[in-house]
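Commentary on secondary and tertiary structure
This is what each chain is made of:
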Amino acid sequence: MKQTVKPIAVISGDVVSSTKLTSDEFEQLLQRVKDVQAWITEGNASNLHSIERGDEFQTIVHDIRNALKYAILYRIGIKALGKVFESRISFAIASNADLRASVSESMGEAFVLSGRGLKALKSERFIFHSEHPKLTERFDLLFKYLDRQLTELTSRQCAVLVPMLRNQEGLSVSELADKLDIATATASKSLKASGWPLISELNSLFINQVTGLKDV
């Protein structure tokens, strides 16, 4: 067991109506969850993950500045598979965690807040909590709007956003077009339609706010 005072983020999620998926669709889902977890590990090798029963997952995030980006990546990465794929994501930031070799056996306030948030979700699909009430309150309404935006995205729009969130240094529109093998004008139009400019701006705001936390 490793105790850490430094804040961590915990992302907890599950798949909506997973029992209605065909066996092939479930395999697609499982592979995509593994892919997203690999992408998050690329951001920081210390980040750890778990998958339970194939449709529930959890990630410990040490580079908490990227917690929102990773949470969105889970949501749109799964949604990009097609219209039958949707997930619920709850993430939380807190300090004083007891980290163990197994993510599912680790403990701490971030795990409690993240798990509690996931259980509280009903019609919503995205929620955030923190041990700092002011931080939670500051983003509560913004994330409700974000949740609505993400819910309304098509799978194709999500597929366009995935490379933007995966890239650590950021992609230009022309670079995105090259990756997707589409025209630059098409890439630009797709990004605007997906709400990327506002999503990116919100992520920058989140980074600025989280950077002010102790020992981040």
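The structure this text deals with has already been given above.
Let me sum up the structure you'll find in this document. (Residues numbered from 1 in each chain as written. Predicted model: local features only at pLDDT ≥ 70, side-chain atom pairs only at ≥ 80, totals over all residues. Heavy atoms only, no water.)

1. Digging into the nonpolar core
Of all hydrophobic cores here, the largest spans 51 residues; its most connected members are Phe91, Phe126, Phe143 and Phe206. Ranked by the residues each element gives to this core, the list is headed by helix H2 (residues 67-79), at 9 residues. In contact with phenylalanine 126, not counting residues within four places along its chain, are Leu68, Ala71, Ile72, Arg75, Ile89, Phe91, Leu121, Phe143, Leu146, Asp147 and Leu150. Judged by nonpolar contacts, the second largest core, of 9 residues, contains Ile8, Ala94, Ala97 and Leu99. (Core = buried A, V, L, I, M, F, W, Y, C linked by side-chain atoms within 4.5 Å. Buried < 20%, exposed > 50% of the residue type's maximum accessible area, 1.4 Å probe, protein only. Helix = DSSP H or I, 4+ residues; strand = E, 2+ residues; numbered from the N terminus. Contact = heavy atoms within 4.5 Å.)

2. Here's the deal with the packing of H2 against helix H5 (residues 155-166)
Direction vectors running N to C along H2 and H5 enclose 145 degrees, while the axes themselves pass 8 Å from each other. The two elements H2 and H5 cross, and the hand of that crossing is left-handed. On H5, the residues that touch Lys69, Ile72, Leu73, Ile76, Gly77 and Lys79 of H2 are Ser155, Cys158, Leu161, Val162, Leu165 and Arg166. Of the residues in the contact of H2 with H5, the class split is 7 nonpolar, 2 polar and 3 charged. (Axes fitted to C-alpha atoms, helices over the stretch in contact; angles between N-to-C directions. Left-handed = near helix turned anticlockwise from the far one by under 90°. Nonpolar A, V, L, I, M, F, W, Y, C, P; charged D, E, K, R; others polar.)

3. As for unusual backbone geometry
For residues that are not glycine, phi is negative in most cases, and the peptide bond is trans in most cases. Located in the positive-phi region is serine 17, a residue other than glycine, with phi close to 55 degrees. With respect to the element layout, serine 17 can be found in the loop between strand E2 (8-15) and helix H1 (23-43). Since its relative accessible area comes to 38%, serine 17 is described here as partly exposed. Phi at aspartate 181 is positive, roughly 55 degrees, even though this residue is not glycine. As for its position among the elements, aspartate 181 is in the loop between helix H6 (173-180) and helix H7 (184-194).

4. Brief notes about the sheet that holds strand E4 (residues 56-61)
Strands in a sheet are paired, the pairing made by backbone hydrogen bonds, and the direction either parallel or antiparallel. Strand order in the open sheet made by the 5 strands is E3-E4-E2-E5-E7, with mixed pairing throughout. Each end of this open sheet is capped by a strand with a single partner; those strands are strand E3 (48-52) and strand E7 (126-130). Between one strand and the next, the sheet's axes are offset by a mean angle of 10 degrees, whatever the strand orientation. Judged from the 5 bridges that link them, E3 and E4 form a sheet pairing that is antiparallel. Residue pairing for E4: histidine 49 is matched across the bridge by threonine 59. (Pairing = 2+ DSSP bridges.)

5. Describing the pattern of salt bridges
Any two side chains of opposite charge can pair, on the condition that their charged atoms come close. Going through the model one piece at a time under the given rule, you end up with 9 salt bridges. Among the ionic pairs, arginine 166 bridges to glutamate 42, the shortest N-O distance being 3.7 Å. With arginine 166 in helix H5 and glutamate 42 in helix H1, this pair connects stretches of sequence that are 124 residues apart. Taking relative accessible area as the criterion, arginine 166 reaches 33% and is therefore assigned partly exposed. Overall, glutamate 42 belongs to the exposed group, its relative accessible area being 54%. One salt bridge connects glutamate 152 with arginine 148, and the closest N-O pair in it is separated by 3.5 Å. Residue glutamate 152 and its partner arginine 148 are located together in helix H4 (residues 133-152), separated by 4 residues, close to a single helical turn. (Salt bridge = Lys/Arg side-chain N within 4 Å of Asp/Glu carboxyl O.)

6. Remarks on the environment of aspartate 14
With respect to the helices, strands and loops of the structure, aspartate 14 is situated in strand E2. Considering only alpha carbons, one finds aspartate 14 and arginine 75, 61 residues apart in sequence, at a separation of 9.9 Å. Excluding its chain neighbours within four sequence positions, the residues that come into contact with aspartate 14 are Asp55, Glu56, Phe57, Ser87, Arg88 and Leu118. In terms of polar contacts, aspartate 14 uses its side chain to reach the side chain of arginine 88, at 2.7 Å. (Polar contact = N/O pair within 3.5 Å; in protein donor to acceptor, adjacent residues only side chain to side chain.)

7. Some thoughts on H5
Taking 1.5 Å as the rise per residue, H5 with 12 residues should run 16 Å; its terminal C-alpha atoms sit 17 Å apart, in good agreement. Considered for burial, the residues of H5 that qualify are Gln157, Cys158, Val160, Leu161, Val162, Pro163, Met164 and Leu165. Elements that come into contact with the buried residues of H5 comprise H1, H2, H4, H6, H7 and helix H8 (196-211). (Expected span 1.5 Å × (residues − 1).)

These values are about where atoms sit, not about what they do.
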